[in-house]
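Per-entry structural report
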Amino acid sequence: MTILETKELRKVYGDGETAVHALDGVTLTVEKGEFVAVVGTSGSGKSTLLHMLGGLDRPTSGTVRIDGKDIFSLKDEALTIFRRRKIGFVFQNFNLVPVLSVRENIALPVQLDGREPDAAFLKGVVETLGLSEKLESLPDQLSGGQQQRVGVARALAADPEVLLMDEPFGALDPVTRGALQQEMLRIHRLSGRTIVLVTHDIDEALALADRLVLMDGGEIVQQGKPVELLTQPKTPFVRDFFGRSELGVRLLALGQVGMAARRGEWLEGEAIVASLTLREALSQFISRQTDKLPVVDERQQPLGVLHFADLLRQREVS
Ligand SMILES: Nc1ncnc2c1ncn2[C@@H]1O[C@H](COP(=O)(O)OP(=O)(O)OP(=O)(O)O)[C@@H](O)[C@H]1O
Ligand SMILES: [Mg+2]
């Protein structure tokens, strides 16, 4: 089922000689429950696209449909209400209200809508994001990573149909970023919520998204499964964007240990889980200085053995 749909979306900033064609005919469809990452060079129109998708700004021409509704046919006030109910935004700069506590910040968008957040749902979100102890704190008493989590919790508080995120983890250190990425994956898998993520970080896009949309100059250059963009780039730009040199390592991020492990073999020792990516397995091989690793399933039952060579084999067949 289609949840988000744009047709020939155009956005021109300014006019005459100085006009900027930020979006130049973007037609995009997102299915319910999909995790889509929008990547591209700086200035390629990613943020502009996200703003249009969320009805934060009106296009010069073209349409955006959310859940079948042509959102720009709505008057400003109706659009604001629609947006609050259907869409959660997470921006890079957390946009928290400094004088409100974490609890108040999270509840704010729902309360603006004259409602109260569902207590049980909210408790779950807050626990998932590790914020239970911080509910009464003010934003400036939190670390950057914690503030970003509040931003995510706030976006989820209204239980929105669609979550739009613009470089949400860009300002965080790699460890915190990794932890929050895992949280997002978990939330996505648990809730099946539709997510559109704009990111500069190709590895983040590869690790999280079902589908990549690559933009350049206000247009979509190519979209598809990550492995398609990596292995079947339509243009030299696409190939260069994903960087030839690290292609092998990037492909590893797409394979799972469970797919590559040899069934019927077993080995004593600390096992890795089948759901790890091959890339994570690679770092295990390196840190443990071994060329074979036992693999268990989610219930910690033996599944097989991953050989170092299987990483390469996987890469060739991808
Ligand atoms: N409010 C605005 N007024 C005028 N021009 C704008 C405005 N917002 C964006 N632009 C221009 O539109 C183009 C696309 O901008 P956009 O912010 O969508 O790019 P982006 O892909 O998000 O870039 P980045 O990766 O740097 O965030 C750029 O050339 C930008 O300068
Ligand atoms: Mg941007």
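As the structure is a prediction and not an experimental result, all values here were calculated from the model.

Below, the discussion takes up the overall build of the chain. The helix and strand tally for the chain stands at 13 helices and 14 strands. Against the globule reference of 20 Å for 318 residues, the chain gives a C-alpha radius of gyration of 21 Å, in line with a compact fold. Summarising its shape, the C-alpha atoms of the chain cover approximately 65 × 50 × 35 Å along the three principal directions. Counting the 318 residues in the chain, one finds 47% classified as buried. When the accessible surface of the chain is split by element, carbon and sulfur atoms take 50% of a total near 15400 Å².

With that out of the way, let us pick up helix α2 (residues 76–86). Of all the residues in α2, the buried ones are Leu-79, Phe-82, Arg-83 and Lys-86. Buried residues in α2, looked at end-on, bunch into an arc of 100°, giving them a common side. Looking at the buried positions of α2, the neighbouring elements they touch are β4 (61–66), β5 (69–70), β6 (87–91) and β7 (162–166).

The subject of this paragraph is the sheet that holds β5. Taking strand neighbours across the sheet as the criterion, the 4 strands line up as β2-β1-β4-β5 in an open arrangement whose pairing is antiparallel. Of all strands in the sheet, those with a lone pairing partner are β2 (20–31) and β5, marking the two edges. Of the strand pairs in this sheet, strand β1 (residues 2–13) and β2 are connected by 9 bridges, and their pairing is antiparallel. Paired with Lys-11 across the two strands is Leu-23, which belongs to β2.

A few words now on the site of ligand 1. Around ligand 1 lies a shell formed by Tyr-13, Val-20, Ala-22, Thr-41, Ser-42, Gly-43, Ser-44, Gly-45, Lys-46, Ser-47, Thr-48 and His-200. Within the side chain of Ser-42, a nitrogen or oxygen atom sits 2.5 Å from an oxygen atom of ligand 1. The protein chains hide 59% of the 640 Å² of surface that ligand 1 would expose on its own. Where the shell around ligand 1 is concerned, the elements lending two or more residues are β2 and α1 (46–53). In terms of residue count, α1 provides more of the shell around ligand 1 than any other element does, 3 residues in total. Classifying every residue of the shell around ligand 1 gives 3 nonpolar, 8 polar and 1 charged.

Overall, mixed pairing links the 6 strands, which are arranged β6-β7-β8-β3-β9-β10 in an open sheet. Lying at the two open borders of the sheet, with one neighbouring strand each, are β6 and β10 (219–224). Across the sheet, the mean angle from the axis of one strand to that of its neighbour is 15°, orientation sign disregarded. Sheet topology note: the strand β3 (residues 35–40)/strand β8 (residues 194–198) ladder contains 4 bridges and is parallel.

Moving on, we come to the side chain of Glu-34. Relative to the helices and strands, Glu-34 is located in the loop between β2 and β3. Since its relative accessible area comes to 14%, Glu-34 is described here as buried. A polar side-chain atom of Glu-34 sits 2.9 Å from the main-chain amide nitrogen of Glu-31. Contacts of Glu-34, omitting those with residues within four sequence positions, involve Thr-29, His-188, Arg-193, Thr-194, Ile-195, Asp-210 and Arg-211.

The phi dihedral of Asp-159 is positive, around 50°, even though this residue is not glycine. Along the chain, Asp-159 turns up in the loop between α5 (144–157) and β7.

The rules behind each value
- Residues numbered from 1 in each chain as written.
- Chains lettered and ligands numbered in written order.
- Predicted model: local features only at pLDDT ≥ 70, side-chain atom pairs only at ≥ 80, totals over all residues.
- Heavy atoms only, no water.
- Helix = DSSP H or I, 4+ residues; strand = E, 2+ residues; numbered from the N terminus.
- Rg over C-alpha atoms; globule rule 2.2 N^0.38 Å.
- Buried < 20%, exposed > 50% of the residue type's maximum accessible area, 1.4 Å probe, protein only.
- Areas by Shrake-Rupley, 256 points an atom, 1.4 Å probe, with all protein chains shown as cover.
- Arc of directions from axis to C-beta.
- Contact = heavy atoms within 4.5 Å.
- Pairing = 2+ DSSP bridges.
- Near = heavy atom within 4 Å.
- Polar contact = N/O pair within 3.5 Å; in protein donor to acceptor, adjacent residues only side chain to side chain.
- Nonpolar A, V, L, I, M, F, W, Y, C, P; charged D, E, K, R; others polar.
- Axes fitted to C-alpha atoms, helices over the stretch in contact; angles between N-to-C directions.

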